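# Structural features, examined
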Amino acid sequence: MTESSAETTPKQRRKKSERRTSQLTLMRGVASTVVPSTVLTLAFSPWYNGEAEHVETSAVENDAVRWLLSLPIEVLVSGLCTVLLLALCFYAFRWLANLNSAKNSDSFKLKQHTVLTLMLSTSLLGYNLLILACYMLDLYSTSDSYGLLRVHLLLRLYEVFHCLLILWTLASPSLSLKAPFPSNSREITQDWLTSVLRDNGTIKSTTTVVAFSTETLRGGCHFKVSRVSLRYSVEKPDDPHKTIVVKLLSWDKPIWERLVLYVKLQLGSLDREAMYLRSYQIESLFYKHQMDDLQGLRIPEIYYNLQDCFNNRFGMVLQDLSTLEDGQPHGFTRPDTELCLAHLATFHASNWRESRTLPFSGWGIAGYWTAGKREGSKRKVLDSWLATIANFPKLKLNERFPRLGHLLHARLDWLEREFEHLIAPEYSTLCHGDYKITNLFVSRPKPADHPNAAKPRSVYAIDWQWFGLGNCCVDTAYLLHTSLQVEELDAIPQLLDYYYHALVAAGVADYSYETFLHHYHVVLVDFCMYAIVAKWAKMTVADFRQYEQKNKDGLHLRSIPHMELILQRTFEIVSEWESSRPIQ
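In short, a report on the structure. Predicted model, so just to flag it, every value in this text is computed and none were measured.

## Topic: the sheet that holds strand β4 (residues 302-308)
Read across the sheet, five strands follow the order β1-β2-β3-β5-β4 without closing on themselves; strand pairing throughout is antiparallel. Of all strands in the sheet, those bounded by a partner on one side alone are β1 (209-216) and β4. Between one strand axis and the next, the sheet turns through 20° on average, direction left out of account. By the bridge criterion, seven bridges tie strand β3 (residues 243-250) to strand β5 (residues 313-319) in an arrangement that is antiparallel. When the bridges of β5 are listed, Ile244 appears paired with Gln319.

## Some remarks on the side chain of His481
Examined against the element boundaries, His481 turns out to sit in helix α16 (residues 472-482). Contacts of His481, omitting those with residues within four sequence positions, involve Ile492, Tyr520, Leu524, His556, His562, Leu565, Ile566 and Arg569.

## Brief notes about the environment of Arg457
As for its placement among the helices and strands, Arg457 is situated in the loop between β7 (440-442) and β8 (459-461). C-alpha of Arg457 to C-alpha of Arg444: the two residues are 13 residues apart in sequence and 7.1 Å apart in space. Residues within four places of Arg457 in sequence aside, it is in contact with Asp336, Leu339, His343, Val442, Ser443, Arg444 and Pro445. At a separation of 2.7 Å, a polar atom in the side chain of Arg457 contacts the main-chain carbonyl oxygen of Ser443.

## Here's the deal with the pairing of strand β2 (residues 224-232)
Of the strand pairs in this sheet, β1 and β2 are connected by seven bridges, and their pairing is antiparallel. The residue of β2 that forms the bridge with Glu215 is Arg227.

## Let's talk about helix α18 (residues 513-535)
Taking 1.5 Å per residue as the helical rise, α18 with its 23 residues ought to reach 33 Å, and the 31 Å between its terminal C-alpha atoms agrees with that figure. The buried fraction of α18 is high, at 17 of 23 residues.

## Thoughts on the pattern of salt bridges
Charged atoms that come close allow side chains of opposite charge to pair. Applying the stated criterion across every chain, the model contains 18 salt bridges. Where Arg457 meets Asp336, a salt bridge forms, and the shortest distance between an N and an O atom there is 2.9 Å. Within this pair, whereas Arg457 is found in the loop between β7 and β8, its partner Asp336 is found in helix α10 (residues 334-350), the two being separated by 121 residues in sequence. We classify Arg457 as partly exposed; its relative accessible area is 23%. Through salt bridges that share partners, Glu215, Arg227 and Asp320 make up one connected network.

## Topic: unusual backbone geometry
The amide bond that connects Gln328 to the next residue, Pro329, takes the cis arrangement and shows omega of 0°. Looking at where Pro329 falls in the secondary structure, it is placed in the loop between β5 and α10. Phi at Asn312 takes a positive value of approximately 55°, unusual for a residue other than glycine. By the element assignment, Asn312 lies in the loop between β4 and β5. The backbone of Arg403 sits at a positive phi, close to 60°, despite the residue not being glycine.

What counts as what
Residues numbered from 1 in each chain as written. Predicted model: local features only at pLDDT ≥ 70, side-chain atom pairs only at ≥ 80, totals over all residues. Heavy atoms only, no water. Pairing = 2+ DSSP bridges. Helix = DSSP H or I, 4+ residues; strand = E, 2+ residues; numbered from the N terminus. Axes fitted to C-alpha atoms, helices over the stretch in contact; angles between N-to-C directions. Contact = heavy atoms within 4.5 Å. Polar contact = N/O pair within 3.5 Å; in protein donor to acceptor, adjacent residues only side chain to side chain. Expected span 1.5 Å × (residues − 1). Buried < 20%, exposed > 50% of the residue type's maximum accessible area, 1.4 Å probe, protein only. Salt bridge = Lys/Arg side-chain N within 4 Å of Asp/Glu carboxyl O.

What follows is the structure in C-alpha cells.
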C-alpha cells in the first residue's frame, strides 16, 4: 500500500475503494459491448461483400502508419478490443488477488465468480483473435463465396456464444468484485469478511479474520440481520471493530420473474414486491449519498454496501451499535425521548424547504404507510374496524369508540387532500419515514468524572428504507405513539410542544403551532387507519405477546395500552373534525 492507515481516514479509503469498483465496472462494460456492437454495425458494410475500397496510402511516408491505414476497420477495432481485454483480465485478476487464492478458498461463490470472469474474458479474447487470424490468413479476400460464407458463419457463431455467456452472467446472482456477498449467515466466510474489511480500509492489508461467530438479531421485518464477532490475526485492545452487523436480503426468483419485477420497479409500480424492492434501493442509495451531509442524526459506519435490484440481492456490513441505549423492550424514557426529538428537530430544520434540490431525496412522500403506498388498503377501513373489534372483544372497542369505522371511511378522500397540503413545499423537509424504537440508538450519559462527560449525547438512526420528502409530523407522531414507555404516554402533549419549540429554535420560521398541530392530527389519523387495516384487523392478543417476546416492530404492535391510546386520540380528533372541519 502506498498510503498507511494513519495517513488516510476510513472515509477516504472507502471513496478510493468505490473509485476502483467503478473503474472495473466501466472496463468490463466496454469489453462486453464494444465488440458485438462493432460487428453488428459493420455487418452490412460493403467490406463484407469484398467491395470496400482501400484507403489511399501512397502519400503516407511512414511504413507502419501506411500499413495501419491499409487494414480493414474491423481488424483495427478488434486489435484495440484485444488490448482492452488483456487490460481487463489483468485488472480483474488483480482484484481477485490471484487464481490460486480462489481455487483454495472455501467460498463456492468466489470460485464461481472466477469461472464466470474467465469464461467471459476468454470468449471475447478468442473472438478478437479469430478476426485477426482470418485477416492474417487472407480469408477475407478469398474469391470462394462459400469460403467467405464459412468465415462469417464462424464469426456469427462466436457472437451468439459470447452473447449467451453474457446472458448467463446476467441471469446469475451478481457477485461482488473480490468476494461474493452471502445470501444468508451460513455463507459468511473468513475470506469474505477479510476482503470486505480490507477494501474499506477498516483493517490493514496484512491483517486477516482468523475466526468469527454469528448471532441472529431479532426485530427485523425483511432482512436477515446478524451480529458477527471477529477475531483478527493481529489483535488490538479496545478495537471498535471486534463486532459488526451483517444485514442480508436475497429473493430466489427465476429470471423471468426478476425481469418482470425489475420492469415494475423502473415504472414506479406500487405493487407490494416492487415497493419493497424500491425501499431497499433507497436505503442503499441513502447511505451512499447522504451520510456525509447528515445533521442532527448520526448513522452507523458502513463497511460494505451491495445493491442489486435486478437479482433481488441487497446487503450491508455496518458498525455494531449494541453498546448504546435502544429503549428495548419497554420503550424510551422521557429524557431519552426528548433527546430523540431534539436531534430529529435539527435534522428536519437543516433540510427545511431545501430538500428538493438534493441529488437524492428518496421517496416522494416519506413513510411506509403514506400516500399511494397504502391508499388502496385504507379503503377497507370499515370492514377492518369490524374485524379489529372482533379480534379484541375484552377491550369493548365498539362501545368506547362508536362509529369510528364509519367516521374514518367518510374522511378518506378528505384526508388524502389534507395530506397533500401538509407536504406542500412550504412545509416539506426530509424525513426518516420509520422513526421508531427498533431503529434508534442513543448514547448513554457519561459519569460526571468521565473526560467526555460534557460531550453532547448522540442519536443514531438505522433502516432508512422509507426515507424521503414529507412533513416533519410523519416522524414525530410515529415516534411518540410507537416508542415511549407506557408510563410516559400521558406526557405526549408536553413532548409534542418540546419538539415544536426545538424545531423553531433550530431555525424554522413561518410554521405556526396551530398548523403544526393540525398536521400532527392528520398524520396520526392516517397512521391509525393503516394500523387498523394492515395490522390490528389481522392480529389478536396472542400476536401482541409474540411481537413483545421478539421485540419486533413498534410498541403499537406489542402493547395494548399503545394501541388503545392511538384509537382514543384518533376518535377524539375525527369527532372534533365533525364540527370544526365538516367534509365539503
